[in-house]
Amino acid sequence: MKIVVIQGPNLNMLGVREQNIYGPMKLEQIHAQMKDFAQQNGVEIEFFQSNLEGEIVDRIQECYGDADGIIINPAAYSHTSIAIRDALAAVSLPAIEVHISNVYKREDFRQKDIVAPACASTIVGFGPFGYHLAMIGMLQILNEIKAMKEMQQSQAQPQQ
Ligand code: DQA
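Here is a short report on the structure shown in this document. (Residues numbered from 1 in each chain as written. Predicted model: local features only at pLDDT ≥ 70, side-chain atom pairs only at ≥ 80, totals over all residues. Heavy atoms only, no water.)

1. Quick word on unusual backbone geometry
Most of the time, phi is negative for any residue but glycine, and the peptide bond is trans.
And step 1. In this structure, A75 is a non-glycine residue whose phi angle is positive, near 50°.
And step 2. Tracing the backbone shows A75 in the loop between β3 (69-73) and α4 (82-91).
And step 3. According to the relative accessible area criterion, A75 is buried, its value standing at 11%.
And step 4. Non-glycine residue S92 carries a positive phi angle of around 50°.
And step 5. Mapped onto the secondary structure, S92 falls in the loop between α4 and β4 (95-99).
And step 6. Take S92: its relative accessible area is 59%, and that puts it in the exposed class. (Helix = DSSP H or I, 4+ residues; strand = E, 2+ residues; numbered from the N terminus. Buried < 20%, exposed > 50% of the residue type's maximum accessible area, 1.4 Å probe, protein only.)

Here it is, written out as structure tokens:
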């Protein structure tokens, strides 16, 4: 099983940017923790960060036929990007959206999340721990899909 983690604009500045909102942890540290958890659970994981909307769309499209699930923090693009929403819908993979901060306690322009409807779930306001919750959630979703496929296959087998 392979999970791709996609990080949007300014998340490369974690640990520097607005620490009162996002905390002191750097993106590399978050990814190191996710990698440990993935290894413990026998899951392949890849990380991608971009400040450019089109590059994020390209990376989502590359997941088609290659990855089993996407964990994404589209950052500011969550509130503006129909293109990222459409890319997630196009590849039709289970996706979990993460927001480090609780966007619903913040400015009005963060109240609208265009990407969320294309995701299985959105985790907000847990700080970097939200990525760990997303990993647990993704493993649950992927195991459910696997169990469903196995059941369908066993039902398709001719009765002895
Ligand atoms: C964010 C919330 C967004 O509103 C903001 O633009 C970000 C980070 C978060 O993780 O809390 O860059 O996605």
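Additional details are given in the paragraphs that follow.
2. Side note on the pattern of salt bridges
And step 1. The full count for this structure, using the stated rule, is eight salt bridges.
And step 2. Note that E62 is salt-bridged to R59, the shortest N-O span being 3.5 Å. In this pair, E62 and R59 are both assigned in helix α3 (residues 53-62), three residues apart and thus about one turn of the helix distant.
And step 3. Using a relative accessible area of 10% as the deciding quantity, one classes R59 as buried.
And step 4. Within the structure, one salt-bridge network assembled from shared partners comprises K2, E44, E46, R59, E62 and D66. (Salt bridge = Lys/Arg side-chain N within 4 Å of Asp/Glu carboxyl O.)

3. Describing the packing of helix α2 (residues 27-40) against helix α5 (residues 129-156)
And step 1. Packing of α2 against α5 leaves a shortest axis separation of 10 Å and a crossing angle of 30°. Here α5 runs roughly parallel to α2, going by the angle between their axes. Read as a crossing pair, α2 and α5 show a hand that is right-handed. Contact with α2, carried on its side by I30, M34, F37 and A38, involves Y131, H132, M135, I136 and L139 of α5 and no other residues of that element.
And step 2. Among the residues making up the contact of α2 with α5, the classes are represented as eight nonpolar, one polar and no charged. (Axes fitted to C-alpha atoms, helices over the stretch in contact; angles between N-to-C directions. Parallel < 35°, antiparallel > 145°, perpendicular 65-115°, else oblique. Left-handed = near helix turned anticlockwise from the far one by under 90°. Contact = heavy atoms within 4.5 Å. Nonpolar A, V, L, I, M, F, W, Y, C, P; charged D, E, K, R; others polar.)

4. Quick notes on the site of the ligand
And step 1. Taken together, R17, Y22, N73, A75, A76, H79, H99, I100, S101, V103 and R110 make up the full set of residues adjacent to the ligand.
And step 2. A distance of 2.7 Å separates an oxygen atom of the ligand from a polar side-chain atom of H79.
And step 3. One of the side-chain nitrogen or oxygen atoms of S101 is found 2.6 Å away from an oxygen atom of the ligand.
And step 4. Burial of the ligand by the protein amounts to 98% of the accessible area it has alone, namely 320 Å².
And step 5. Of the residues in the shell around the ligand, the class split is five nonpolar, four polar and two charged. (Near = heavy atom within 4 Å. Polar contact = N/O pair within 3.5 Å; in protein donor to acceptor, adjacent residues only side chain to side chain. Areas by Shrake-Rupley, 256 points an atom, 1.4 Å probe, with all protein chains shown as cover.)

5. A short note on α5
And step 1. The end-to-end C-alpha separation of α5 is 41 Å, in line with the 40 Å expected for 28 residues at 1.5 Å each.
And step 2. For α5, every residue scored as buried is listed here: G130, Y131, A134, M135, M138, L139 and L142.
And step 3. Contact partners of the buried residues in α5: β1 (2-7), α2, β2 (44-49), β3, β4 and β5 (121-124). (Expected span 1.5 Å × (residues − 1).)

6. Observations concerning the environment of I30
And step 1. Looking at the secondary structure, you find I30 in helix α2.
And step 2. For the pair I30 and E55, spaced 25 residues apart in sequence, the C-alpha separation works out to 21 Å.

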